[in-house]
There are 2 protein chains.
Amino acid sequence: MRQGKKKATIYDLSVLSGCSASTVSAVLNGSWRKRRIKESTAQLIQGLAERHQYTANLQARGLRSSRSGLVGLLLPVHDNRYFSSMAQTFEAEVRSHGKCPIVVSACRDPEEERATVETLISYSIDELFIAGATDPDSIHTLCEAAGIRHINIDLPGTRAPSVISDNYEGARMLTSAIIEHFHSAEALKPKELFLFGGRNDHASRERIRGFRDTKIEMLGADADDCIQPTGYSPNMTQKAFEAFYEREGKLPRGLFINSSINFEGLLRFMGQHPHETFADIVVGCYDYDPFASFLPFPVLMIRQNTEGMLAKAFELMAETRPAPQIYLIQPELIMPRMALTGPLDDIKDIDG
Amino acid sequence: MRQGKKKATIYDLSVLSGCSASTVSAVLNGSWRKRRIKESTAQLIQGLAERHQYTANLQARGLRSSRSGLVGLLLPVHDNRYFSSMAQTFEAEVRSHGKCPIVVSACRDPEEERATVETLISYSIDELFIAGATDPDSIHTLCEAAGIRHINIDLPGTRAPSVISDNYEGARMLTSAIIEHFHSAEALKPKELFLFGGRNDHASRERIRGFRDTKIEMLGADADDCIQPTGYSPNMTQKAFEAFYEREGKLPRGLFINSSINFEGLLRFMGQHPHETFADIVVGCYDYDPFASFLPFPVLMIRQNTEGMLAKAFELMAETRPAPQIYLIQPELIMPRMALTGPLDDIKDIDG
DNA sequence: CTAATTTGCACAATCGATGGTGCAATCACT
DNA sequence: AGTGATTGCACCATCGATTGTGCAAATTAG
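The rules behind the values
- Residues numbered from 1 in each chain as written.
- Chains lettered and ligands numbered in written order.
- Predicted model: local features only at pLDDT ≥ 70, side-chain atom pairs only at ≥ 80, totals over all residues.
- Heavy atoms only, no water.
- Domains from an automatic or database assignment.
- Pairing = 2+ DSSP bridges.
- Helix = DSSP H or I, 4+ residues; strand = E, 2+ residues; numbered from the N terminus.
- Contact = heavy atoms within 4.5 Å.
- Axes fitted to C-alpha atoms, helices over the stretch in contact; angles between N-to-C directions.
- Buried area = accessible area lost by both parts, 1.4 Å probe.
- Salt bridge = Lys/Arg side-chain N within 4 Å of Asp/Glu carboxyl O.
- Polar contact = N/O pair within 3.5 Å; in protein donor to acceptor, adjacent residues only side chain to side chain.
- Parallel < 35°, antiparallel > 145°, perpendicular 65-115°, else oblique.
- Left-handed = near helix turned anticlockwise from the far one by under 90°.
- Nonpolar A, V, L, I, M, F, W, Y, C, P; charged D, E, K, R; others polar.
- Buried < 20%, exposed > 50% of the residue type's maximum accessible area, 1.4 Å probe, protein only.
- Least-squares fit on C-alpha atoms with pLDDT ≥ 70 in both.

1. Remarks on the domain arrangement of chain A
Each domain of chain A was delimited in the assignment, giving domain 1 (10-56), domain 2 (68-164 + 306-330) and domain 3 (167-303). Computed over C-alpha atoms only, the centres of domain 1 of chain A and domain 3 of chain A are separated by 63 Å.

2. Considerations on the sheet that holds strand S6 (residues 193-196) of chain B
All names here are of chain B. Taken in spatial order, the six strands line up as S7-S6-S8-S9-S10-S12 in an open sheet, and their pairing is mixed. Each of the sheet's edge strands pairs with one partner strand only, and the pair in question is strand S7 (227-228) and strand S12 (332-334). Sheet topology note: the strand S9 (residues 282-285)/strand S10 (residues 299-303) ladder contains three bridges and is parallel. From the neighbouring strand, Cys285 faces S10, where its bridge partner is Met301. The strands touched by helix H8 (residues 167-180) within the sheet are S6, strand S8 (254-257), S9, S10 and S12, with S10 carrying the most contacts at an inclination of about 165 degrees.

3. What to know about the interface of chain A and chain B
Listed per partner, the contact involves 83 residues of chain A and 83 residues of chain B. Taken together, both faces of the contact between chain A and chain B bury some 7,100 Å²; the carbon and sulfur share is 54%. Together, Gln59, Asp79 and Phe291 of chain A form the three largest contributors to the area buried by chain A at its contact with chain B, with a combined 12%. At the boundary of chain A and chain B, one finds six salt bridges. Salt-bridge contacts for Arg81 of chain B lead to Glu264 of chain A; the nearest nitrogen and oxygen are separated by 2.5 Å. Remark: the boundary between chain A and chain B carries 32 residue pairs in polar contact (both at pLDDT 80 or more). Mapped onto the side of chain A that touches chain B, the elements with two or more residues apiece are helix H4 (58-65), helix H5 (81-96), strand S2 (100-105), helix H6 (110-122), helix H7 (136-146), helix H10 (234-248) and helix H11 (260-271) of chain A.

4. Focus on the packing of helix H1 (residues 10-17) of chain B against helix H2 (residues 21-29) of chain B
Residue and element names in this part refer to chain B. Orientation of H1 relative to H2, taken along the N-to-C sense of each, is 110 degrees, at an axis distance of 8 Å. As far as their axial angle goes, H2 and H1 are roughly perpendicular. In this structure, the crossing between H1 and H2 has a hand that is right-handed. The residues of H2 that touch H1, namely those facing Ile10, Tyr11, Leu13, Ser14 and Ser17, are Ala21, Val24, Ser25 and Leu28. Residue composition of the contact of H1 with H2, grouped by class: six nonpolar, three polar and no charged.

5. Thoughts on unusual backbone geometry
Residue and element names in this part refer to chain A. A positive phi angle is found at Arg108, which is not glycine, with a value near 55 degrees. Along the chain, Arg108 turns up in the loop between S2 and H6. Overall, Arg108 belongs to the buried group, its relative accessible area being 12%. Positive phi, normally seen in glycine, also occurs at Ser124, with a value near 55 degrees. Locating Ser124 in the fold gives a position in the loop between H6 and strand S3 (127-131). Judged by its relative accessible area of 14%, Ser124 is buried.

6. Some words on the relation of the copies chain A and chain B
A rotation about some axis, followed by a shift along it, carries one copy of the chain onto the other. At an RMSD of 0.1 Å, chain A and chain B line up after a rotation of 180 degrees and a shift of 0.0 Å along the axis. The two molecules are tied by a two-fold rotation axis, judged by turn and shift.

7. A closer look at the sheet that holds strand S8 (residues 254-257) of chain A
As a general point, the strands of a sheet are linked pairwise by backbone hydrogen bonds and lie either parallel or antiparallel. All names here are of chain A. If you trace the six strands from one edge of the open sheet to the other, you get S7-S6-S8-S9-S10-S12, paired in mixed fashion. The sheet is open, and its two borders are formed by strand S7 (227-228) and strand S12 (332-334), each paired with just one other strand. Contacts from helix H8 (residues 167-180) reach strand S6 (193-196), S8, strand S9 (282-285), strand S10 (299-303) and S12 within the one sheet, and its direction differs from that of S10 by about 165 degrees. Helix H9 (residues 202-219) rests against S6, S7 and S8 of the sheet, and its axis sits at about 175 degrees to S6.

Here it is in structure tokens:
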């Protein structure tokens, strides 16, 4: 009604309807049948609620019921296709359950992660999906203490169910695809296949292991000095490329890049060097980005199955007592020049 | 202490310390000096709080004080570089103010937008940044009624302060850069410069206007039949390209693409056609993406200044009574093969 | 040594919604 | 009509924190 006014509460409606606040509450939260409220009473109150634009104060409800209707997703970063696509899928899924999605990022900083999760807990979130946490087990402890259901995604913990990408298999697929891509040209030599990026987290380790094993199997050479974990920053990765180029006068013909963020390091390098420098390289990137897929050299990519991972995670969340085990989800090898669809394709787009 | 236990409340600490709950509350929320609590009492309580891992129940606090410490950002979508980068910057800024960032997307659906904002209001969020809302004014009404400070970003409203990209200027820069890019080659003819993407929102209209004006000025031809607003979906855009190609047997040499999402439509088209189809095209895209910048044909991009927009928006939010006017932020023209830094570069990355 | 301050804290109402319990009125049935 | 079951709803404690108010005790002033 009046716009500057305070929001209507059940007490306002209680006065207006002549019913008690508890009756109003019951009607408006749907529990009125259980409470044997007359249908006509319910309709009266619902009418008033609508007319006065009543919306429940969810903080009050959450305080009383100690459940908030909030479902959290903790991400390392937003501006990355892998994680933002996860956020997109997550939101749709949570909304379809009638809950409210909360997506937060914590910058791969363990302290920030803890603080963020504590804040979420203070808002009595009902469930938490932990994606890419640097220390899932310490977050597990927090959730456990607060009695909050939680599932790890992307990076596994030992104490809670974890849904992760099969990084080892993915890395094997990617590595062998890179090697095979040279079959028509001059075969790739062991010293020409390098891995850049990643750090000492579970995903990177598995990818490195997959790279290593496959390289040894297929090219028969030890891979250790061809592995350059540069962390997750584009700049460090760029520096690694510069250093390599400085030393060797060229790039390796075969590149395994740990993630699209690291790939940006290669882009920065590219910006400093002419086209010819990249004439015969083949890149495999453990992440999918449609634009990267169409670069002037062959780019093989791994698309992690975020939909599949989230689906599994939601499934586990629904179970009463999910085992704290690791569930592997197979990623997919994407050949060069592929523009795939994503969660955006599901949203409607009507012209005004 | 005990892990399965309920969380400690001020009442628990009240018993443990021998002080009243109000004293505990004052100590823990920092207002204890105002309330003339003895320093030693404060220390005692702080010690207990730490030992028992007390964290305030923010729902209770929010209920009482009707302010939650939450600051919202409403986005159209997550998985888009422009908006996810905005989310990233937003989070950092909000955190630095000691508040809790809430990022939600509403899929460019007016109904969803309203519902989402109502939910946020029900959680008593303190401030709302509305980015890319299809109908900012209707959201304004909601916020107004709830007394929530709000600023529009990216798409302007008439009732609240709006910080938007200077789409007209940006489109002019982009259009003229596309045309000039042909100076060394055979000059571009009017019928060879097309605009694809966008729909009937403020941003698209301004971009189209900038495209139109510049094209007329520089190529001296009416531009109307070279404008194909295809909405924001990659698929519709792809179809537009297919239709054009079907009709003309080639693509236009000069392409103005409304956004990176529309650009993905071109990628899908590319996936269906050989390299040669794109041998001599020049693309201008109203969005910046580092991978797109290195595609096999020249890609000129507009980088919208998200940091600048958010900075201005936060500045306005801090003002007591900001005028409901439009603040234009200049975007930047990015030449081909540029890998720029973004918010990710600010996050630390230490190897474990 | 008494009066006026100041210090330090407890009390209790309150925010808005929930849900267990109890009670009157109505209905069914012998 | 009397007994028991059912219907329809009101009452009230409660969730955990905030905050205005009041009042002893300690301190200072005169």
